[in-house]
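# Architecture and fold: a report
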Amino acid sequence: DSLLTRSDLTQISPPAFPSTYEPMLEYPGTMRPGRTPENMPYHDLPNLGINDPDPVPWPHFQEIEWHHRWDPPHPQALAMEEFIEVQGRWASVEEEAEMRMGMRRGVRERRETEELAGKGGGASGASSAQQM
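No experiment lies behind these values; they were computed from the predicted model shown. (Residues numbered from 1 in each chain as written. Predicted model: local features only at pLDDT ≥ 70, side-chain atom pairs only at ≥ 80, totals over all residues. Heavy atoms only, no water.)

### With respect to the overall build of the protein chain
The cut-off we apply is this: Helix and strand definitions here come from DSSP, where helices need a minimum of 4 consecutive H or I residues and strands a minimum of 2 consecutive E residues; each element is numbered from the N-terminal end. When accessible area is computed with a 1.4 Å probe and restricted to protein chains, residues below 20% of their type maximum are described as buried, those above 50% as exposed, and intermediate ones as partly exposed. Shrake-Rupley sampling with a 1.4 Å probe provides the accessible areas, and residues are treated as covered by the protein chains on show and by no other component.
From N to C terminus, the protein chain includes 4 helices and 0 strands. If you list the helices and strands of the protein chain from N to C, you get α-α-α-α. Out of the 132 residues in the protein chain, the part that is buried amounts to 2%. In the form shown here, the protein chain has an accessible surface area of approximately 13,100 Å², with 56% of it arising from carbon and sulfur atoms.

Structure follows, in structure tokens:
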């Protein structure tokens, strides 16, 4: 009972093509042109002549010279160095030296803890057993 009928389908999804559409089957693809003439032939469209007041093809065509330069849609982003400067995030010479000393201190402390952990392991127990 839950099956949809053809009238239900047309109410849910109306037909995409007009009833006069008859596809040209000799064209490949899924969007074949129809056999009926267009609404208005191209040569009858307004403002197509050279002497027309606005000789731009109507309705959605625009002719642009090949050398036309468009204005950018937004201002160019700051260079990263300028952004860091504006944010006040550059480290002074003293701050950089302090960071380097802290990194060296961290490396030295880590190395010392690894060495102490290596001495306190099974190797030191074996050496003490040999000494007895």
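So much for the structure itself; the text now carries on.
### Observations regarding helix 2 (residues 80-87)
Burial within helix 2 is sparse, with just 0 of its 8 residues counted as buried. In the segment just after helix 2, Gly88 is the residue with positive phi, at about 70 degrees.

### Let's talk about the confidence of the model for the protein chain
Stated formally: Values of pLDDT, the confidence the predictor places in each residue, fall between 0 and 100.
Mean pLDDT for the protein chain: 78, with 73% of residues reaching 70 or above. At the level of individual helices and strands, the protein chain shows its lowest average pLDDT in helix 4 (residues 122-131), which scores 47, and its highest in helix 3 (residues 93-119), which scores 92.

### Quick word on a positive patch on the surface
For clarity, the threshold we go by: Patch membership is restricted to residues that have no salt bridge and whose relative accessible area is over 30%. Joining uses 9 Å for like charges and 5 Å for the nonpolar side chains Val, Leu, Ile, Met, Phe, Trp and Tyr. Salt bridges, as used here, are contacts in which a Lys or Arg side-chain nitrogen is within 4 Å of a carboxyl oxygen on Asp or Glu. The convention is simple: Lys and Arg are positive, Asp and Glu are negative, and His and the chain ends are not counted. Charged groups are reduced to one reference atom each: NZ for lysine, CZ for arginine, CG for aspartic acid, CD for glutamic acid.
A contiguous patch of positive charge, built from Arg105, Arg108, Arg110 and Arg111, is present on the exposed surface. Assignment of secondary structure puts Arg111 in helix 3. Judged by relative accessible area, which is 47%, Arg111 ranks as partly exposed.

### Examining the environment of Leu25
The line we're drawing: In this analysis, two residues are considered to be in contact whenever any of their non-hydrogen atoms come within 4.5 Å of each other.
With respect to the helices and strands, the residue Leu25 is situated in the loop between helix 1 (6-12) and helix 2. C-alpha separation for the pair Leu25 and Arg35, spaced 10 residues apart in sequence, amounts to 9.7 Å. With residues near it in sequence (within four places) discarded, Leu25 still touches Arg32 and Arg35.

### Things to note about a nonpolar patch on the surface
The grouping of Leu78, Met80, Phe83 and Val86 at the surface amounts to a nonpolar patch, some 420 Å² of accessible area in total. Residue placement: Phe83 occurs in helix 2. Since its relative accessible area comes to 41%, Phe83 is described here as partly exposed.

### Some thoughts on a negative patch on the surface
Residues Glu109, Glu112, Glu114 and Glu115 make up a contiguous surface patch of negative charge. For Glu112, the position within the fold is in helix 3.

### Notes on the environment of Gly34
Inspection of the secondary structure assignment puts Gly34 in the loop between helix 1 and helix 2. We classify Gly34 as partly exposed; its relative accessible area is 28%. With 17 residues separating them in the primary sequence, Gly34 and Phe17 have C-alpha atoms 10.0 Å apart.

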